[in-house]
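Summary of the model geometry
Each chain, letter by letter, is given below.
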Amino acid sequence: MPEIKSEVDRIRPKDLHDKAVALRKACGERFFGDYHERFVDTRCPACGKDGETVFFKYGFTHKKCAACATLYCSPRPTEEMLIEYYSTSKATCFWTDLLVSTGCERKVLQYGPRAEQLVEILKQDTDFNPARAVDLGAGSGAFALALSRTGFFDKVMAVDFSDKCCDACEKIGLETRHGSVDVLSDVQVNFISMNDMVEHLFDPMQFLSQCYDVLDPNGYISIACPNGEGFDFQVMQEKTVNITPPEHLNYFNSDSLALLLESVGFEMVSICTPGILDVQIVARAFRDGLIDLKDNLWLRERIIQDDAEFLAPFQKFLQQNKWSSHMVAIAKKSQ
Ligand SMILES: [Zn+2]
């Protein structure tokens, strides 16, 4: 599957990937050692029920909800501890610097089709007013710029709590605000996007309630996040690179993310898993010796043989059946 292999290496180049993984482990373990005595117990972030411990990573306890299968960290650091981590840890500073130092044009092109699909959905709703879109946790501003280039929205705003990211967004001409959802109370908001953000939050339900409150009637929200029931989670468990405490704390699945959004008051429009990297994430981990797949000789053989006739259609199968670990949800603010 040459086209997919080049995609994973392009999106996540190996040397940067290895450095990021090593930094996350070192920083995660140090943070756990320094702060874990003050962590707080939480219940399932989607449905509020209790979970069972399934594994540990960098010291952090990971639980799976018995009711909705959401995977989550508990006990977990408080919001204050997380702010401290994001502003000081080498792991997060490394990624922020990388994000803002590499031009975002390529990423804007990657996001283009998703932004266009989203606009097609919004256009079908004649009650939707495309006055302003807001991208929360905008990073380099690539997704906000892709939204802007659709020409559908009158205004597109980027919001991020990192000074460096805000500078990057301003540089590419975006209306930018420093902070989070709490800086939106004085503007009209018709659409909110959040990419790779909900998995980081201490209290996703509270955050999504705030998003609901700032949205105009008939407003929409789009969330892209990991699917905790995705292929690499299933095969690799705690060894998948997607599990990175304390950065990631919540791993919803297609059912539990819908449950969470509905409990806040949203009405689900669509939920899908359009990821393209799952098979290659597992193949790379196998080639690097991180996993041996001895419990899954059938999959091991397919990967050893680099069986293109199987692997590319298999990735499609994962996408189509909500087994990819990259998930996108769209929901509407109900009346
Ligand atoms: Zn649950």
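Preceding this paragraph is the structure being described.
The sections below set out a description of the structure shown in this document. None of the values given here were measured: they were computed from a predicted structure.

Another point: the sheet that holds strand S2 (residues 60-65). Across a sheet, strands are paired by hydrogen bonds formed along the backbone, either parallel or antiparallel in direction. Overall, antiparallel pairing links the four strands, which are arranged S1-S2-S3-S9 in an open sheet. Every interior strand has two partners, whereas the edge strands, strand S1 (51-57) and strand S9 (250-251), have only one. Pairing of S2 with strand S3 (residues 71-73), which is carried by three bridges, proceeds in the antiparallel orientation. Bridge pairing in S3 links histidine 62 to cysteine 73.

Running from amino to carboxyl end, helix H5 (residues 105-123) crosses helix H6 (residues 142-149) at an angle of 55°, the nearest separation of the two axes being 8 Å. The orientation of H5 relative to H6 falls into the category oblique. Remark: the crossing between H5 and H6 carries right-handed chirality. Contacts between H5 and H6 involve Lys107, Val108, Tyr111, Gly112 and Ala115 on the former and, on the latter, Ala142, Phe143, Leu145, Ala146 and Leu147. Looking at side-chain class alone, the contact of H5 with H6 contains eight nonpolar, one polar and one charged residues.

This next bit is on unusual backbone geometry. At the junction of serine 74 and proline 75, the peptide bond is cis and its omega measures out at 0° in the coordinates. Residue placement: proline 75 occurs in the loop between S3 and helix H3 (79-88). The omega torsion of the bond from proline 245 to proline 246 falls at 0°, within 30 degrees of zero and hence cis. By secondary structure assignment, the location of proline 246 is in the loop between helix H9 (231-236) and S9. At tyrosine 58, a residue that is not glycine, the phi angle is positive and equals roughly 50°. Along the chain, tyrosine 58 falls in the loop between S1 and S2. Classification of tyrosine 58 by C-beta neighbours within 10 Å gives partly exposed; the count is 19. One non-glycine residue with positive phi stands out, namely glutamine 237, at about 50°. Of note, glutamine 237 is situated in the loop between H9 and S9.

Reading the values: rules and limits
- Residues numbered from 1 in each chain as written.
- Predicted model: local features only at pLDDT ≥ 70, side-chain atom pairs only at ≥ 80, totals over all residues.
- Pairing = 2+ DSSP bridges.
- Helix = DSSP H or I, 4+ residues; strand = E, 2+ residues; numbered from the N terminus.
- Axes fitted to C-alpha atoms, helices over the stretch in contact; angles between N-to-C directions.
- Parallel < 35°, antiparallel > 145°, perpendicular 65-115°, else oblique.
- Left-handed = near helix turned anticlockwise from the far one by under 90°.
- Contact = placed C-beta atoms within 7 Å.
- Nonpolar A, V, L, I, M, F, W, Y, C, P; charged D, E, K, R; others polar.
- Buried ≥ 20, exposed ≤ 12 C-beta atoms within 10 Å, placed from the backbone.

Keep in mind that these numbers describe shape and distance, not what the molecule does.
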